[in-house]
Amino acid sequence: MADIFFSQIDEKALRELLARTGLRDAAVVTVSSTLHIENGSQAAARLTGLHPLERIDQLLSEQAAAALRDCIASHTPHTVYEELDGLEYRLEILPHRDGALLAFIRDDRASYDGTLRVLHAKGTQYLGALLADAAQVDDPVLAAHLRRQCLRMHRLLLHSDFLHDPPLTEQLQLHHCDLAELCRDAAEQAASHASVPITVQADEICIALVEPQLIRTALYNLLTNALHVTPPDGDICINLYDDGAFFTITVADRGPGLDAARFEALLSGWQMPAPLDEYLALARQGTPPGLGLPLIQRIAQLHGGSLLLSPREGGGSQLHFTIAHLPEALADHNLHAPMILEDGYPLEEIEFSVLG
C-alpha cells in the first residue's frame, strides 16, 4: 500500500519542511515527457548550466538517460549515481505529471550537519582564543610551539570543512595566474622547512585560469607529504608540463613509495566510517587515511582535473596534480578583499605548521 501521508500534508507546511531539510542543497529540475526542462532550483541552474526548454539528456550519462526514459514510460522511480564536475551525485528520478523530477543529491554534503558542524564552529572559536593567548606567552619558544599546534588544528578543521562542503567550479574565484611562478614560490616557501634540495622544472611562464589560493594549498600539501617521506640524502622535484588540454604539476619524492593498490583507499578513506580502534590500528601501522590527498584531489577536480600516482625512477613516488584548460567564460574579473584570517595567519604558516 502506498504511503499517502505526505499527500495529506498542507502544501505550505510541506514546502517549509523541505526548505529545512537537506533538499534545500539539492539541484532539482522537472522535465517534460520530451526531456525538456520545465523548471529548476537555483542549485540546479548552477550545477547543470542548463535553462528551461533545454534538453536534460545532453547532460546525463547513457545509464541515467535510460533510467529517466523508463521512469517516464513506466511511472517508476529510479536511483542512479551520476558524476558531474568530478563529483558523484545520487540522482533520484521520480514520476512528475507527464514527465519526471530529477534531484541531484550530494551524499557527503547531506551528511555534513549536526555534531560535525558544531565541532567545526566551536573548534574554530576556541582555537582563535588559544592563538590569542599564545601571543601573550613570554617564553618565545613555548609561544611558537603553542602557535604551531593551534595552526595544525586550524588546518585540520579547514581541510575537513572544504572536503565536506566544497564549492562548485562555477563558484571559484578564477584568475589568470602564472603556474610556473606558483611552483617556484611554493618550492621557496618549503625550502625553509627542508633538509633536502627542492628543484623546479618548468617553463619561464605558464599562464592558467585557476583559483590561486587553492592551487597554493594543493602545492603546499604535496610538498609537506614529500618532505615527510624523503630521507636526508634524497631530493624533491617539481615538474610543470602543459600538453594543451591539461596542466600537470608533478611532485616527486624519494620516500618508500606509495602503494598503488591502496591509493584509492587513501583518497576516499576520509568518507568511510571506521571505529576508533580500527583507525588507531591503521595509525600504528603508519597507514591511516588522512585529509591531505583527498584535499588535493578535490582541488584538482574543481579545476577539471585529477590526482594520479606513479612510481619514481630510482625510488619514491610521483603525484601528478592535473588541472584542465578552463574556458575564459569562467574567469572572475571582480576584486576580492582578503579574509581577516588570511591577514593574521598566512596560508604558508598554516599549511607548513605540520612540519617541524
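Numbers given to residues run from 1 along each chain, matching the order in which its sequence is written. Local features in a predicted model are, by the rule used here, given only for residues with pLDDT of at least 70; side-chain atom pairs are given and counted only at 80 or more, and totals for whole chains, interfaces and linings are based on all residues. The basis for the side-chain values is all heavy atoms of the structure; hydrogens and waters are excluded.

Q: Hey, could you run me through the overall build of the protein chain in this one?
A: We count a stretch as a helix when DSSP gives it H or I for four or more residues in a row; a strand needs E for two or more, and each element gets its number in order from the N terminus. Within the protein chain, the regular secondary structure consists of 13 helices and twelve strands. The proportion of buried residues among the 356 residues of the protein chain is 41%. Any pair of residues with heavy atoms lying within 4.5 Å of one another is described as a contacting pair. In the protein chain, of all internal contacts separated by at least 6 residues, the share reaching a separation of at least 24 is 65%. Using a 1.4 Å probe, the Shrake-Rupley method yields the accessible areas, and only the shown protein chains count as cover for residues. By element, 56% of the accessible surface of the protein chain is carried by carbon and sulfur atoms, the whole surface being about 19,500 Å². Only protein chains enter the accessibility calculation, which uses a 1.4 Å probe. A residue is then buried if its area is under 20% of the maximum for its type, exposed if over 50%, and partly exposed in between.

Q: For this particular structure, what's the right way to read the environment of Asn239?
A: Note on placement: Asn239 falls in strand E9 (residues 236-242). Taking the relative accessible area as the measure of exposure, Asn239 reaches 27% and is therefore partly exposed. Residues Asn239 and Gln201, spaced 38 residues apart in sequence, show a C-alpha to C-alpha distance of 4.7 Å. When near neighbours in sequence (up to four residues on either side) are disregarded, Asn239 contacts Gln201, Thr248, Ile249 and Thr250.

Q: Honestly, the sheet that holds E9 in this entry has me stumped. Any pointers?
A: Hydrogen bonds between backbone atoms are what pair the strands of a sheet, whose relative direction is either parallel or antiparallel. Here, strands pair whenever DSSP counts at least two bridges between them. The strand order E7-E9-E10-E12-E11 describes an open sheet built from five strands, whose pairing is mixed. The outermost strands of the open sheet, each flanked by one partner alone, are strand E7 (198-201) and strand E11 (306-311). Strand-to-strand, the axes of this sheet are offset by a mean angle of 15°, without reference to chain direction. Of the pairings in the sheet, the one linking E7 to E9 comprises four bridges and is parallel in character. Every axis in this analysis is a line fitted to C-alpha atoms, fitted for helices over the stretch in contact. Angles between the N-to-C directions lie between 0 and 180 degrees.

Q: Hey, could you run me through unusual backbone geometry in this one?
A: Only a minority of non-glycine residues have a phi that is not negative, and only a minority of peptide bonds are not trans. Of note in the backbone geometry, Leu35 takes a positive phi value of approximately 75° without being a glycine. The residue Leu35 is located in the loop between strand E1 (27-31) and strand E2 (37-40) in this model. A positive phi angle is found at Leu53, which is not glycine, with a value near 85°. Mapping Leu53 onto the fold places it in the loop between helix H2 (42-48) and helix H3 (62-74).

Q: Explain the nonpolar core to me, please; I cannot follow it from the model alone.
A: In globular proteins that are soluble, nonpolar side chains generally tend to be buried together. Nine residue types can take part in a nonpolar core, namely buried Ala, Val, Leu, Ile, Met, Phe, Trp, Tyr and Cys, and a core is a set of them joined through side-chain atoms within 4.5 Å. Of all hydrophobic cores here, the largest spans 51 residues; its most connected members are Leu179, Leu307 and Phe321. Contributions of two or more residues to this core are made by helix H7 (179-191), strand E8 (207-210), helix H8 (212-229), E9, strand E10 (246-252), helix H9 (260-268), helix H11 (292-302) and strand E12 (317-324). If you tally residues by element for this core, the top one is H8, at nine residues. Apart from the residues lying within four places of it in its own chain, the contact partners of Leu179 are Cys206, Ala208, Val210, Ile215, Leu240, Phe247 and Ile323. Ranked by size, the runner-up nonpolar core spans 27 residues in total, among them Ala67, Leu68, Leu87 and Leu91.

Q: What is the right way to read the pattern of salt bridges from this model?
A: Close approach of charged atoms allows side chains of opposite charge to pair. Salt bridges are defined by distance alone: a side-chain nitrogen of Lys or Arg within 4 Å of a carboxyl oxygen of Asp or Glu. Under the criterion given, the structure shown has nine salt bridges. Arg184 is the partner of Glu181 in a salt bridge, and the nearest nitrogen-oxygen pair spans 3.7 Å. Highlighted residues: Glu181 and Arg184, both in helix H7, separated by three residues, approximately one helical turn. Classification of Glu181 as partly exposed rests on a relative accessible area of 42%. Salt bridges here are not isolated pairs; linked through shared partners, they connect Arg55, Asp57 and Arg69.

Q: Explain the sheet that holds strand E4 (residues 87-96) to me, please; I cannot follow it from the model alone.
A: One open sheet holds the five strands; their spatial order is E2-E1-E5-E4-E3, and the pairing between them is antiparallel. Where the open sheet ends on each side, the last strands, each with one partner, are E2 and strand E3 (78-84). On average, each strand axis in the sheet is inclined to that of its neighbour by 25°, with strand direction left out of account. As defined by bridge partners, E4 adjoins strand E5 (residues 99-105) across seven bridges and the pair is classed as antiparallel. The residue bridging His96 from the neighbouring strand is Gly99, located in E5. Sitting on the sheet, H3 touches E1, E3, E4 and E5, and the angle it makes with E3 is about 150°.

Q: Can you help me understand helix H6 (residues 140-164) in this one?
A: Multiplying 1.5 Å by the residue count of a helix minus one yields the expected span of that helix. Between its first and last C-alpha, H6 extends 36 Å over 25 residues, near the 36 Å set by a 1.5 Å rise per residue. Every buried residue belonging to H6 is among Ala143, Cys150, Leu151, His154, Arg155, Leu157, His159, Ser160, Phe162, Leu163 and His164, and all of these are buried. Counted as a polar contact is a pair of N or O atoms within 3.5 Å, where, for protein atoms, one must be capable of donating a hydrogen and the other of accepting one, and residues adjacent in sequence contribute only when both atoms are in side chains. One side-chain oxygen of the residue at the start of H6 lies 3.0 Å from the amide nitrogen of Val141, identifying that residue as Asp139.

Q: Please clarify how the pairing of E5 should be interpreted in this entry.
A: It is a general feature of regular strands that their side chains alternate between the two faces of the sheet. Here E5 lies mainly inside the structure; six of its seven residues are buried. Both E1 and E5 contribute to a ladder of five bridges, which runs antiparallel. Bridging from a neighbouring strand, Val28 pairs with Ala103 of E5.

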